[in-house]
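# Commentary on secondary and tertiary structure
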Amino acid sequence: MTNRYIVLFTVGPVQSFIASARKTEDFWSGSYILSHLVREAMKRFYQYGAGCEMIYPLVGKEELRTLSLRELRVASLPNRLTAVMEGTETDVCGWLRETEQDVRNVFLDFCFQAVSRMFPHLSDDERQQLETMVEQQVQSFLEVYWVAEPYEPSASFRTVRERAERRLGALKNEKHYASVPQQGLVCSVCKEREALRLEEIDDFDRYGEIKRKTANLWKRRAGKFQGRDGDGEDERRVGRVKDNEFLCGICLGKRVARDYFTDLFGASFRPFPSVLDIGSGDYYAVLMMDGDNMGRWFSGEQKEEYSRTSQKLARFSKEVVPRIVEQQCHGELVYAGGDDVLAFLPVDEALKAAELLRLAFSDEQQGLGEGATASFGLVIAHKKAPLQHVLNEARALEQKAKQYRNEQTNQQKDALALAVHTRSGEIAEAILPWMIKGKMASSRLEQFVALLKTSISPNFIFHFTQAFAPLLHEKDCPKWENRDMLAVELRRLLKRSVKEGNQWKERDLRSHTDALMALYDAVPRGYDFLHLLKMLTFFRRSEGSDV
Ligand SMILES: [Zn+2]
């Protein structure tokens, strides 16, 4: 028998932690709490002394204890841990069981504290009643999974780790969903769990009565969470919990998270900026990034290779991503864990941010190094669009980017899926590979935006769309049949739209036409090309304002 184990430990569910949100702050706190729980688990691991070696993420014991200012603000730990533990099977399983219990207790205490902060004037009985409700919700929500796989001295790290992965996968599939009986109103944020209330709901209560009973509790929320008079649409001016919001125990925890962490770390947590604070126009951008083929990067035979990848990802997410998003591009980072990034950005910095992140990811010094690629979803949306919807859209785009493939060039994944949602509800969407004939897609786009700003009239896009959109009538006709005709027509329209005072030579005309044709060849469908042209005119208007 060996006394060494490869351990995998995960905390989730990631999507539900992060995705249910009505405010930018809900997104921030969801990922921040998750990262905090993972950190607590790691601290616990280190308490078992020499018996535990962290492999992924590679964060030292000291580092865990002293958080940098940046770590204090941005979630930076992925939701799964890989470690090697030494001990008997009883030891190791005991440690893991304790760690799981610890994570559950921390989260439960976090939610209980939120109840006390939100409702400071409850009687002991009332508090007890709410805590019982919250505890049921937490126990059926929080998913902690772990496996310990024997790691014999002769076995390869890779083989054992893969065996552990398979067992973890099987464990997750077996999950039983404990149902919590629900009678009252559903939570305004997650729309899944029941909103907290004190009064009993009678089987014959009508909706109005149920709502009144629920509101009776929420009227008692502490003054600091209540709304002030003002523009009801400006989330900066209404209270942290609006008059018509009724939350479940978990969404309540997320809303109050800032106060919890302020007390815990003795540092003040500023409110996460609202979308209204991102950039100065009417639009903002949401960027999601995900590394491609991460399994391949983590496939090292030796533990050391695996650790090296861990180390590189830690540097990328802790140093490189915040520098690019926050300092170079004036955005707000929601999370950066390993190869995953979620950020809000001003419209005119969004393409640049995506490009810098993509370049850094394949850089030896900043990211994983040569050969590393990543797929991106980037949505430009109006500031009044429902936030949840915009985020779901960004995630869907990231998936589309991952599915990119081009038969001609053999390119796969490593793409940018871009969408603009205008205020009137019109959606333009296009998928581009990052590299188009030796040049970054983003710089090709920027180049064309610059032309639209200076020397050509956007009318050409209008005329082109009018002529060519009707030829794409059906889904089974993904691209125009006659590529040469397309090139001739683009050239003719470009030439006609050169603004007065610009002297274009034959050579200029040819190179700009070729540049457009390169974009056309790279996109999967003709519609992507039409939408791309439309989006260029949107980017031309600086700061993404409504015109
Ligand atoms: Zn909820």
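Sequence order as written defines residue numbering, which begins from 1 separately in each chain. Predicted model: local features are reported for residues with pLDDT of at least 70 only, side-chain atom pairs are reported and counted for 80 or more only, and whole-chain, interface and lining totals are derived from all residues. Side-chain measures were taken over the full set of non-hydrogen atoms in the model, leaving aside hydrogen atoms and water.

As recorded by an unreviewed UniProt entry, the protein chain carries the name Type III-B CRISPR-associated protein Cas10/Cmr2 and is attributed to Geobacillus uzenensis.

Only protein chains enter the accessibility calculation, which uses a 1.4 Å probe; a residue whose area is less than 20% of its type maximum is buried, one above 50% is exposed, and one in between is partly exposed. Secondary structure elements are taken from DSSP: a helix is a run of H or I of four residues or more, a strand is a run of E of two residues or more, and numbering for both begins at the N terminus. Turning to helix α15 (residues 459–468), its buried residues number three or more, namely Phe460, Ile461, Phe464 and Phe468. Taken down its axis, α15 places every buried residue within 100 degrees of arc, on the same side. Contact criterion: two residues are considered in contact whenever any of their non-hydrogen atoms come within 4.5 Å of each other. Buried-residue contacts for α15 involve α14 (441–454), α16 (483–496), α17 (506–522) and α18 (526–540). It is the directions from the helix axis to the C-beta atoms whose arc is reported.

Once that is clear, we can look at the sheet that holds strand β6 (residues 332–337). What the six strands build is an open sheet, ordered β6-β7-β5-β8-β11-β12; its pairing is mixed. In this open sheet, the two edge strands, each paired with only one partner strand, are β6 and β12 (427–433). If you compare each strand with its neighbour and ignore which way they point, the axes differ by 15 degrees on average. Two elements, strand β8 (residues 374–382) and strand β11 (residues 415–421), share five bridges in a ladder whose sense is parallel. By the bridge assignment for β11, isoleucine 380 is matched with valine 420. Should DSSP find at least two bridges between two strands, the strands are taken to pair. Axis definition: a line fitted to C-alpha atoms, limited for helices to the stretch in contact. Angles are taken between N-to-C directions and run from 0 to 180 degrees.

The next point concerns the pairing of strand β5 (residues 283–291). The side chains of a regular strand alternate, first on one face of the sheet and then on the other. Summarising burial for β5: nine of the nine residues are buried, a large majority. The alternating pattern of β5 places Tyr283, Ala285, Leu287, Met289 and Gly291 and Tyr284, Val286, Met288 and Asp290 on opposite faces, both of which are buried. Of the strand pairs in this sheet, β5 and strand β7 (residues 340–346) are connected by six bridges, and their pairing is antiparallel. Looking at β7, one finds that methionine 288 is bridged to leucine 342.

The next point concerns the packing of helix α2 (residues 24–47) against helix α9 (residues 249–265). Relative to each other, α2 and α9 sit at 45 degrees, their axes nearing to 8 Å. By the angle between their axes, α2 is oblique relative to α9. Our pair here, α2 against α9, has a crossing hand that is left-handed. Between α2 and α9, the contacting residues are Glu25, Asp26, Trp28, Ser29, Gly30, Tyr32, Ile33, His36 and Arg39 on the first element and Lys254, Arg255, Ala257, Arg258, Tyr260, Phe261, Leu264 and Phe265 on the second. Under the convention adopted here, Pro, Cys and the residues Ala, Val, Leu, Ile, Met, Phe, Trp and Tyr are nonpolar, Asp, Glu, Lys and Arg are charged, and Gly plus all remaining residues are polar. The residue inventory of the contact of α2 with α9, partitioned by class, reads eight nonpolar, three polar and six charged. Should an angle lie under 35 degrees it is considered roughly parallel, over 145 roughly antiparallel, and from 65 to 115 roughly perpendicular; all remaining angles are considered oblique. Crossing chirality is assigned from the near helix's rotation relative to the far helix, an anticlockwise turn below a right angle marking it left-handed and a clockwise turn marking it right-handed.

UniProt positions are given in the numbering used here, feature names are shortened, and annotations may be inferred rather than shown by experiment. UniProt records the feature "domain: GGDEF" (unreviewed entry) at residues 282–413, using the numbering of this structure. The span residues 282–413 is 46% helical and 27% strand by assignment, and the distance between its end C-alpha atoms comes to 31 Å.

Under the 1.5 Å per step criterion, the end-to-end length of helix α13 (residues 387–402) is 23 Å for 16 residues, consistent within 8% with the ideal 22 Å. When we look at burial in α13, the residues that qualify are Leu387, Val390, Leu391, Glu393, Ala394, Arg395, Leu397, Glu398, Ala401 and Lys402. To estimate the expected span of a helix, count its residues, drop one, and scale the result by 1.5 Å.

Moving on to the UniProt feature "coiled-coil region" (unreviewed entry) in the protein chain. This chain's UniProt record puts "coiled-coil region" (unreviewed entry) on residues 387–414. Secondary structure across residues 387–414 divides into 57% helix and 14% strand, with the first and last C-alpha atoms of the span separated by 26 Å.

What makes a salt bridge here is a side-chain nitrogen of Lys or Arg within 4 Å of a carboxyl oxygen of Asp or Glu, nothing more. A complete count under the given rule lists 39 salt bridges for this structure. A salt bridge links aspartate 102 to arginine 44; the nearest nitrogen and oxygen atoms lie 4.0 Å apart. With aspartate 102 in helix α5 (residues 89–118) and arginine 44 in helix α2, this residue pair connects regions lying 58 residues apart in the sequence. Aspartate 292 serves as the salt-bridge partner of lysine 402, at 2.6 Å between the closest nitrogen and oxygen.

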